Amino acid sequence: MSQVNPFLIQLVLALLLAPLLPGIINRVKAKFAGRRGKPLLQTYYDLARLAGKGEVISHTATWVFTAGPVAGLAACICALALLPQGGAISPFAFGGDFLLAAYLLGMGRFALILSALDTGSSFEGMGASREAAFSALAEPALFLVLLVLVSRSMSPTASASSAPGLSFSALLDGQTALAWKDGRAELLLVPAVFFILLLVENCRIPVDDPNTHLELTMIHEVMVLDHSGPSLAMILYGAALKLWFFAALIAALLLPPLPLWQHAVASLGLIFGLAVLVGVVESIMARLRLLLIPRLLAGATTLAALALILTQVR
Amino acid sequence: MGVCMEIFLISLLVLLAATLLTGLLAIISVLAPQSGAGRLANVLGPLGAAAGAVLGLAAVHSGQWSSVLSLSLPWGLPLGSCTLGLDALSRLFLLPVFGLGLVCALSGSLSLRHTPPQEHNLGAHWFFYLLLLLGMTLVISARDTVLFILAWEVMSLAPFFLIDFNDGDSKVRDASWVYLVAAHLGAVALIAFFALFWHCTGTTSLELLQSGDGLRSASPMLRDTLFILALIGFGAKAGLAPLHVWLPEAHPAAPSHVSALLSGAMINAGLYGVLRSLSLLNAPGGMVSSPEWWGWCLLLLGLGTGLMGILKALAQSNLKRMLAYSSVENMGLMFMGVGIGLVGESINNPWMVMLGFAGALMHMLNHAGFKGLLFLCAGEVLHATGTVRMDQLGGLQKRMPLVGCAFALGAASIACLPPLSGFAGEFVLVVSMLQAPSLPGLERQITLLLTLGGLALISGLAAALYAKAYGVTFLGEPRTAFAANPHAPAWQTVWPLALPALTCITGGLLAAWVFSLASYTAAQATPMPYELLAQSQDAILSMQHSLGAIGKTGAVFLGLILLLALLRRGLLARHGMRREPTWGCGFQAPSPRIQYTDAAFSEPLACIFAPVMGLKRSDRGGRGLFAGRASLHLAAPDRLRSGLFTPLFEMVLRFCNACKILQHGKIHLYILYIIITLVSLLIWGLSA
């Protein structure tokens, strides 16, 4: 073991540190509200407690109910393994792997929607319906913003990277950050759209409120009402990994090429910084009315399309 | 003539013999209804179809995939010849025909085995089923335009009688008439297409047309006319909007094994026809390539069809009608692939040509697998509960576990979720469009990029649609008594579903292999310039690598699921699992009726896309302080049918009625017509 792969170290680090993000967000929200707040490591305590419990399952539920959290977590882990970690190229990278990652997250969502419908509860049906609708609307925004990166990396001035063409690792090679310095301001829209997508996909305010279960306006939390014990732990952990996935994506976009360990440290700092930002957004904004969420998504899609057209015009 | 053609011929003969036999049994059961001929036909017909299909599959697989074979048989007509052939394109399109032909015959035989012979003439049913199978095989292997049109007519007529199986129902009769009219309007365009071809080149042989230079000197105007005729004729069969109106009528009305065959194999004939006529319109080796607008036309038509199809599918509450609209959407995706290929050809982009065509072909193969599976599952649901209305079902996963699992697999596959087959096909299509930033011209780049955004919306909506279809039909509590007590089928009756279910999994994990098949076919069958073909090798290699990696990641994903499931089981070993009622948030009297229905599930999307989905909502009562009885009725009629075709046909009817003035039954006036005609001909003759 003379040469340990830096990617694997950082992947393991990501898997270990991801539950810290919800803790940071909650801490920031508590500070804004003037409370002391939950411990930073609360998610770890929750996971440990849930893993040691038994499960209560509805009479109505079938294997689909238990398969949902398992498939959701597996999809998040696989998607995370395709992302470059702190500047280290993923060894699993291949041309078009960002599509696989996007669809894997979709697979996880599909499994959770089905597992919500499996309980036969009207509340969970409501959450499932909204999740299905909003994620379908978020898909074009995600594709278009990824296309901006594709278009940037295919421009003749882009430097050749060692990662396979059109893979995540090639798209996030740090050239985007350098391009800003050359005055390509339209690329600034890319992290902005990704941040909106982070809020949408991870069910944060202003789209969804992760704290209240019982209001009729909720999306994600209401879908997992019936899950308990290890299944709920997997859902919580999967949600933390998904948050890490989007935060790491934005961090990789914002960072210019740096030496490996500097990049890794800066990347961790940015990821935690983004968690703080999410906490700030949650503290200073109210949740949007449900009917306005499609407009937010349409706005994100429009911004992405604008960035794409401006990139092409260059 | 290789061994391959011999086996192919034997398979055709087996199908023909079975057709004649079932035809004979049909006549016997009309003459003597109690003779048991129907029962016999229900055994012999499917057996013949299965034997023919297995032989056909053997023929397709024997010999080199890319070898071009042909065979001429004696032909009694003055025009044309009976020439059959196999090349890569024919082989690829024969795979779903024989594969689904086999599965649907077995499944159909099992589901019809308790049909009382006095209600349905099973001999006639299997006669037309075999005729359809024979017709599709001949269409795809015909190497002569006259034979092609004859086979096309057989293939178009046989489904009329198959759809009309439950002819006691007026809706079914109506649906089969809609089908017949649509099929024949398409055939008119095709006959015009081939007649124009024959007029220009003087030959009816497809092989000569393909290799010759008959159209090299043709004017662009003529080639455009031919293209539009082919698009109308073949597009009507494929269900390209706005010619799709017959699909959502015919598929729900037909017995499910027939819907599966129509949706998984017959509508592919439209795509086959378009690809074949493109290779006729363009000289080999790219000497004459297609104008660029053909590609854009197909691409945008495909996108429109896809978006319309998926949104209309979301509005349906009838499971089979929803699947029919979803077929429209998938045909849209395939046409998008062909469009990308054509655009790539005219601007010399080897990636787009290769991946566009290969993506369309791959999606065609995958679609046959999962759509056949889903229709057969819907058939089992109909058989077990008597309805396919989603808002009356629910909880079937518990009561029909095998069918439920099969449907879940098909649904995840068609929703393009990795690691299943639907994702692989869509991946190739999307990667072919990623070339957009390097296209010449800004307007091309931006159109293609925004089209890709549209494709993303389609796939997002597809995931929502199939989550709804599976979730509402199979999960939760049964909403009605007949959903609570279905006649659950035993494994002995659902085993034919294993074959399409297997293709959903292998199509995803072994996608690289399927792609190599599709890319060989695309290279041979499409009119690609030679230098482009040489350059496209990079695209093939890179895509094979990517698909291999997707297969591996998929396997890892499945392994991880297994591992986590074991982990969960290990964690639960100590404290175990308890069963309690679903938590109702404190509500004391929950009933299955409080569950979300299909209409409720798609309501957020229905609000946003209301103009396209066209939901008609009528609610009565339920207002005021002491609300009485209330009712809500939702329907999603096809607006193109009611807004475009109904007025059109009414206009035709009015015109025909107006012409009736001429026909009044007064003989002396008829004689006057004759005299007027004679005199005017005389004047014309004199002046000429």
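Since we're looking at a predicted model, the values are computed, not measured.

A. Focus on the overall build of chain A. Helix and strand counts for chain A come out as 13 helices and one strand. Each helix and strand of chain A, ordered N terminal to C terminal, gives the series α-α-α-β-α-α-α-α-α-α-α-α-α-α. Whereas a compact globule of 314 residues would reach a radius of gyration of roughly 20 Å, chain A reaches 19 Å, a difference of no more than 12%. By its C-alpha atoms, chain A is 60 × 50 × 45 Å across when sized along the principal axes. Burial analysis of chain A (314 residues in total) assigns 61% to the buried set. Put simply, of all contacts in chain A between residues at least 6 apart along the chain, 77% involve residues at least 24 apart.

B. Focus on the overall build of chain B. Looking only at helices and strands, chain B features 28 helices and five strands. Taking 2.2 N^0.38 as the reference for a compact globule, 688 residues should give roughly 26 Å; the C-alpha atoms of chain B span a radius of gyration of 27 Å, in line with that estimate. For chain B, the spread of C-alpha atoms along the three principal axes comes to 100 × 70 × 55 Å. Split into buried and exposed, the 688 residues of chain B put 55% on the buried side.

C. Here's a closer look at the interface of chain B and chain A. Listed as interface residues are 71 residues of chain B and, on the opposing side, 69 residues of chain A. For the side of chain B that touches chain A, the secondary-structure elements that each account for two or more residues are helix H15 (396-399), helix H17 (421-433), helix H18 (442-474), helix H23 (530-575), strand S3 (577-580), helix H24 (598-601) and helix H25 (603-608) of chain B. Its residues assigned to classes, the side of chain B that touches chain A comprises 46 nonpolar, 17 polar and eight charged. By the bridge criterion, four bridges tie strand S1 (residues 55-58) of chain A to S3 of chain B in an arrangement that is parallel. Looking at the pairing, Val 56 of chain A lines up with Arg 578 of chain B of S3 of chain B.

D. How the structure looks around the domain arrangement of chain B. Structurally, chain B comprises domain 1 (301-509) and domain 2 (642-687). Domain 1 of chain B and domain 2 of chain B are separated by 49 Å when their C-alpha centres are compared.

E. Molecular detail of the nonpolar core. In terms of nonpolar packing, the biggest core is built from 347 residues, with Leu 197, Trp 244 and Ala 247 of chain A touching the most fellow members. Here this core takes 22 residues from helix H14 (residues 350-385) of chain B, the largest share from any one element. In contact with Leu 197 of chain A, not counting residues within four places along its chain, are Ala 138, Ala 141, Leu 142, Phe 246 and Ala 300 of chain A.

F. Representation of unusual backbone geometry in the model. The linkage connecting Ile 205 of chain A with the following residue, Pro 206 of chain A, adopts the cis geometry, with an omega of 15°. Tracing the sequence through the fold places Pro 206 of chain A in the loop between helix H9 (189-201) and helix H10 (220-223). Of note, the bond from Pro 418 of chain B into Pro 419 of chain B is cis; its omega dihedral lies within 30 degrees of zero at 5°. Despite not being glycine, Cys 203 of chain A shows a phi value in the positive range, around 55°. Locating Cys 203 of chain A in the fold gives a position in the loop between H9 and H10. Looking at Cys 203 of chain A, the number of C-beta atoms within 10 Å reads 21, which means it is buried. Here the phi dihedral of Cys 416 of chain B falls at roughly 60°; this positive angle occurs in a residue that is not glycine. By the element assignment, Cys 416 of chain B lies in the loop between helix H16 (401-414) and H17.

G. Local environment of helix H12 (residues 260-284) of chain A. Residue and element names in this part refer to chain A. With 25 residues, H12 should cover 36 Å at 1.5 Å per step; its first-to-last C-alpha distance of 36 Å lies within 8% of that length. Among the residues of H12, His 263, Ser 267, Leu 270, Ile 271, Leu 274, Ala 275, Val 278, Gly 279 and Glu 282 are the ones counted as buried. The secondary structure elements touched by the buried residues of H12 are helix H2 (20-33) and helix H11 (229-254).

H. Molecular detail of the packing of helix H5 (residues 97-117) of chain A against H18 of chain B. Two elements in contact, H5 of chain A and H18 of chain B, have axes separated by 10 Å at closest approach and are oriented at 30°. In this view, H5 of chain A runs roughly parallel relative to H18 of chain B, as classed from their interaxial angle. Read as a crossing pair, H5 of chain A and H18 of chain B show a hand that is right-handed. Together, Gly 106, Phe 110, Ile 113, Leu 114 and Leu 117 of chain A of H5 of chain A and Ala 463, Ala 467, Tyr 470 and Gly 471 of chain B of H18 of chain B make up the contact between the two elements.

I. Representation of the packing of helix H12 (residues 292-315) of chain B against helix H13 (residues 319-346) of chain B. Residue and element names in this part refer to chain B. Viewed as axis vectors pointing N to C, H12 and H13 meet at an angle of 160°, and their least axial separation amounts to 7 Å. In terms of orientation, H12 and H13 fall into the roughly antiparallel class. Crossing hand, H12 versus H13: left-handed. The class makeup of the residues in the contact of H12 with H13 is 19 nonpolar, nine polar and three charged.

J. Representation of the environment of Arg 620 of chain B in the model. Residue and element names in this part refer to chain B. Locating Arg 620 in the fold gives a position in strand S4 (residues 616-621). According to the C-beta neighbour criterion, Arg 620 is exposed, with 11 such atoms within 10 Å. Spatially, the C-alpha atoms of Arg 620 and Ala 630 are 5.5 Å apart, while their sequence positions differ by ten residues.

K. Inspection of H18 of chain B at higher detail. All names here are of chain B. If you check H18, its first and last C-alpha atoms are 48 Å apart, about what 33 residues at 1.5 Å a residue would give, namely 48 Å. Within H18, 26 of the 33 residues are buried, leaving the element largely enclosed by the surrounding structure. Just downstream of H18 lies Gly 476, where phi reads positive at about 75°.

Parameters and conventions
- Residues numbered from 1 in each chain as written.
- Chains lettered and ligands numbered in written order.
- Predicted model: local features only at pLDDT ≥ 70, side-chain atom pairs only at ≥ 80, totals over all residues.
- Helix = DSSP H or I, 4+ residues; strand = E, 2+ residues; numbered from the N terminus.
- Rg over C-alpha atoms; globule rule 2.2 N^0.38 Å.
- Buried ≥ 20, exposed ≤ 12 C-beta atoms within 10 Å, placed from the backbone.
- Contact = placed C-beta atoms within 7 Å.
- Nonpolar A, V, L, I, M, F, W, Y, C, P; charged D, E, K, R; others polar.
- Pairing = 2+ DSSP bridges.
- Domains from an automatic or database assignment.
- Core = buried A, V, L, I, M, F, W, Y, C linked by C-beta atoms within 7 Å.
- Expected span 1.5 Å × (residues − 1).
- Axes fitted to C-alpha atoms, helices over the stretch in contact; angles between N-to-C directions.
- Parallel < 35°, antiparallel > 145°, perpendicular 65-115°, else oblique.
- Left-handed = near helix turned anticlockwise from the far one by under 90°.

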